[in-house]
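# Remarks on the overall topology
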Amino acid sequence: MVQSIDRTMTIIRVLISDEKPAWPISELADATGLPLSTLHRFLESMIKYGLVEQEPVTKHYKAGYTWMEIGFALHDKINFRHVARPIMEELAQEVEESIFLNMPAGFDSIPIEKVESPLKLRIDENLGERIPLTIGAPNRVILAHWKQADMLKVVAKQLPAAQHQAFLEQLAVAKEAGYAISYGEKTEGTVAVAAPIIGFGHQPVAALSINAPSFRVPEERLSTLVEKVKQAAALITARIGGL
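Residues numbered from 1 in each chain as written. Predicted model: local features only at pLDDT ≥ 70, side-chain atom pairs only at ≥ 80, totals over all residues. Heavy atoms only, no water.

Moving on: the packing of helix α2 (residues 25-32) against helix α3 (residues 36-48). Relative orientation of the contacting elements α2 and α3 amounts to 105°, with a least axis distance of 10 Å. Classified by the interaxial angle, the pair formed by α2 and α3 is roughly perpendicular. On α3, the residues that touch I25, S26, L28, A29 and T32 of α2 are L36, L39, H40 and L43. Broken down by class, the residue content of the contact of α2 with α3 amounts to six nonpolar, three polar and no charged. (Axes fitted to C-alpha atoms, helices over the stretch in contact; angles between N-to-C directions. Helix = DSSP H or I, 4+ residues; strand = E, 2+ residues; numbered from the N terminus. Parallel < 35°, antiparallel > 145°, perpendicular 65-115°, else oblique. Contact = heavy atoms within 4.5 Å. Nonpolar A, V, L, I, M, F, W, Y, C, P; charged D, E, K, R; others polar.)

Okay, here's the thing in structure tokens:
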């Protein structure tokens, strides 16, 4: 396994070097020090996953765009928290409620950043706590933007069959509206209003949410919180180079 990783990285480092835009296999073998048969086997596997591309006319090899996708995805995850923090702080002061940033993690999400309400009575959650993706407004807007097949896997795993259709309809509404609202799904007596943060490839990288005690969010205030969280999430999305 270690040798396979070493050889894969040796190949890709040659392909992304500035020496030439694409490599014939004979020259690539010389540059990597790998036998032609071994190199050909590795290239075929890397092509399968988009890590390498072969030009149709010359049959020369070059790095595939999967590396770019991986790079942009990692860039989003590393930087969006730093980008989000000042926007979250401003939003917390404006609405005087707690603001959370949740990131998907498998079939769950994890709160990775929070800014507490300036008021004495406020909502608090533990950072790093895993929350199933079928619970709460932040998770609903994340899940609503997933590919259909992945969405169905989560729903099948976490909800009884009798609830599937209604929940999928909720996801469709959340995606269309660009936000979701939940009442007491994780903590009794609370309301959460959330909007998605979209990264590279139109994929949700996080959800931004306003979390408040239910008694502080009458119907006439709810629409204001919805607009505020959507605007803040859109600003973060724009600053990380998303939609």
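Now that the structure has been shown, we can carry on.
With that settled, consider the environment of H164. Tracing the backbone shows H164 in helix α7 (residues 164-177). Here the alpha-carbon distance between H164 and G199, two residues 35 residues apart in the chain, equals 27 Å. Setting aside anything within four residues of it in sequence, one finds H164 in contact with V155, A156 and L159.

The next point concerns the packing of helix α6 (residues 148-158) against α7. One can describe the packing of α6 onto α7 by two numbers: an axis separation of 11 Å at closest approach and a directional angle of 135°. By the angle between their directions, the pair α6 and α7 is classed as oblique. The interaxial crossing formed by α6 with α7 has right-handed handedness. Contact residues: α6 offers M151, L152, V155 and A156, while α7 offers H164, F167, L168 and L171. Along the lines of polarity and charge, the residues of the contact of α6 with α7 split into seven nonpolar, one polar and no charged. (Left-handed = near helix turned anticlockwise from the far one by under 90°.)

By the definition in use, this model includes zero aromatic pairs. The ring of W23 carries K20 above its face, with NZ or CZ at 4.7 Å from the centroid. (Phe/Tyr/Trp six-rings, centres within 6.5 Å; stacked < 30°, edge-to-face > 60°. Lys NZ or Arg CZ within 6 Å of the ring centre and 35° of its normal.)

In terms of nonpolar packing, the biggest core is built from 32 residues, with I99, L101, I197 and L208 touching the most fellow members. Those elements that place two or more of their residues in this core are α4 (66-95), β3 (98-105), β4 (108-115), β7 (190-198), β8 (204-213) and α8 (219-239). When residues in this core are grouped by element, the largest group, eight residues, is from α4. By size, the runner-up hydrophobic cluster in this structure holds 18 residues, among which are V141, I142, M151 and L171. (Core = buried A, V, L, I, M, F, W, Y, C linked by side-chain atoms within 4.5 Å. Buried < 20%, exposed > 50% of the residue type's maximum accessible area, 1.4 Å probe, protein only.)

Across the eight residues that make up helix α5 (residues 137-144), a large majority, eight, are buried. If you check which residues of α5 are buried, you get A137, P138, N139, R140, V141, I142, L143 and A144.

Moving on, we come to α8. Here α8 contains 21 residues, and its C-alpha end-to-end distance of 31 Å stays within 8% of the 30 Å for a straight helix at 1.5 Å per residue. Here α8 has its buried residues at L222, L225, V226, V229, A232, A233, I236 and T237. Down the axis of α8, the sector holding all buried residues measures 145°, keeping them to one side. Relative to its buried face, α8 has exposed residues pointing more than 90 degrees away, namely E220 and R239. Trailing α8 by a residue or two, G241 shows a phi angle of about 80°, which is positive. (Expected span 1.5 Å × (residues − 1). Arc of directions from axis to C-beta.)

A separate point is the environment of T190. For T190, the position within the fold is in strand β7. Measuring from C-alpha to C-alpha, the distance between T190 and K114 comes to 16 Å, with 76 residues separating the pair along the chain. Residues contacting T190, with those up to four places away along its chain left out, are I123, S182, Y183, G184, A212, P213 and S214. Within the structure, the side chain of T190 is placed 2.6 Å from the backbone oxygen of T187, a separation counted as a polar contact. (Polar contact = N/O pair within 3.5 Å; in protein donor to acceptor, adjacent residues only side chain to side chain.)

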